[in-house]
Amino acid sequence: DTEVTQTPKHLVMGMTNKKSLKCEQHMGHRAMYWYKQKAKKPPELMFVYSYEKLSINESVPSRFSPECPNSSLLNLHLHALQPEDSALYLCASSQQGDYGYTFGSGTRLTVV
Amino acid sequence: DQQVKQNSPSLSVQEGRISILNCDYTNSMFDYFLWYKKYPAEGPTFLISISSIKDKNEDGRFTVFLNKSAKHLSLHIVPSQPGDSAVYFCAASAQSSGTYKYIFGTGTRLKVLA
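A brief report on the enclosed structure follows. (Residues numbered from 1 in each chain as written. Chains lettered and ligands numbered in written order. Predicted model: local features only at pLDDT ≥ 70, side-chain atom pairs only at ≥ 80, totals over all residues. Heavy atoms only, no water.)

With that out of the way, let us pick up the overall build of chain A. A count of helices and strands for chain A gives zero helices and 11 strands. When the elements of chain A are put in sequence order from the N terminus, they spell out β-β-β-β-β-β-β-β-β-β-β. Against the 2.2 N^0.38 benchmark of 13 Å for 112 residues, chain A shows a C-alpha radius of gyration of 13 Å, consistent with a compact globule. Structurally, chain A occupies a C-alpha span of about 40 × 25 × 20 Å along its principal axes. For chain A, the proportion of its 112 residues judged to be buried stands at 49%. Taking the contacts inside chain A whose residues are at least 6 apart along the sequence as the reference set, 54% of them involve residues at least 24 apart. Put simply, chain A shows about 5,400 Å² of open surface, and 48% of that area lies on carbon and sulfur atoms. In chain A, 12 side chains carry a positive charge and 10 a negative one; their mean positions are 7 Å apart. (Helix = DSSP H or I, 4+ residues; strand = E, 2+ residues; numbered from the N terminus. Rg over C-alpha atoms; globule rule 2.2 N^0.38 Å. Buried < 20%, exposed > 50% of the residue type's maximum accessible area, 1.4 Å probe, protein only. Contact = heavy atoms within 4.5 Å. Areas by Shrake-Rupley, 256 points an atom, 1.4 Å probe, with all protein chains shown as cover. Lys, Arg positive; Asp, Glu negative; His and termini not counted. Charge placed at Lys NZ, Arg CZ, Asp CG, Glu CD.)

If you want it as structure tokens, here you go:
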């Protein structure tokens with residue numbers, strides 16, 4: 001298995017909802033990442049997990065809460081989002097020290 | 001401050017010809033560079049990488065050139081094929097500083113005309 005799987009592919013949520021994005025990989029990668037990509041913009045790093053511990057938080061608002069329950073799973077919990085948070089959320093993974101990521105296909109999030 | 005810049009938002013090339021995509025960076029600490037290709041509704045796909053100890057890396061139809069003094073890298077696709085039509089991102093990181101944080105350029109949309 002050489003893929004990063006993200007679910008759901010599409011999500012529409014209200015500003016008072018709580019939802020979660022899920023990311024899964026079975027390549028034995030020990031670093032996992034969340035990126036946010038707005039239309040016609042490059043992906044922007046949000047969080048980095050290394051060996052299931054949060055190592056980088058790029059000053060992301062607390063309404064985004066990451067979780068890494070084990071080495072294969074990465075979640076992003078969403079609560080009280082704003083319409084401007086609508087974007088494509090990409091998960092990626094890499095071997096520690098590897099030069100290059102494997103990206104998932106993303107979750108297209110719309111906040112209404 | 002955009003540390004990684006792709007100044008051409010779009011490029012059109014005839015099938016069979018060479019596509020050249022350019023990328024400039026400002027941070028001299030960057031020592032590892034990647035090119036990704038992205039189709040609509042998909043995540044970025046890794047294409048090719050280059051370390052700052054090299055000035056060229058080749059993989060099939062794809063060649064990346066690095067000019068450290070000019071802080072410039074380019075991706076050459078020869079021959080270009082219609083299936084190469086996508087958005088191409090360059091990304092850079094300072095691996096020697098121990099971070100795995102990549103900075104992406106804004107992308108160039110390549111259209112290969114049949």
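Moving on, there is more to tell.
Moving on: the pattern of salt bridges. In a structure, side chains of opposite charge can pair up when their charged atoms sit close to one another. All names here are of chain A. A full pass over the atoms with the stated rule returns six salt bridges over all chains. The salt bridge involving Lys22 is made with Glu24; its shortest N-O contact spans 3.9 Å. Note on Lys22: relative accessible area 36%, which makes it partly exposed. On the basis of relative accessibility, which here comes to 26%, the residue Glu24 falls in the partly exposed class. (Salt bridge = Lys/Arg side-chain N within 4 Å of Asp/Glu carboxyl O.)

Summed over all chains, the structure comprises two disulfides over all chains. Linked covalently through their sulfurs, Cys23 of chain A and Cys91 of chain A form a disulfide whose S-S length is 1.9 Å. As the torsion about the S-S bond is roughly -70°, the Cys23 of chain A-Cys91 of chain A disulfide counts as left-handed. Residue Cys23 of chain A is located in strand β3 (residues 18-25), and its partner Cys91 of chain A is located in strand β9 (residues 87-94); the two are separated by 68 residues in the primary sequence. Judged on exposure class, the residue Cys23 of chain A and its partner Cys91 of chain A are both buried. For Cys23 of chain B, the disulfide goes to Cys90 of chain B, at an S-S distance of 1.9 Å. Its S-S torsion of approximately 65° makes the covalent link between Cys23 of chain B and Cys90 of chain B right-handed. (Disulfide = S-S within 2.5 Å.)

Time to look at the sheet that holds strand β6 (residues 56-59) of chain B. Across the sheet, which stays open at both edges, the five strands sit in the order β1-β3-β8-β7-β6 (chain B) with antiparallel pairing between neighbours. Every interior strand has two partners, whereas the edge strands, β1 (4-5) and β6 of chain B, have only one. (Pairing = 2+ DSSP bridges.)

Don't take any of this as a statement about function, it's just geometry.
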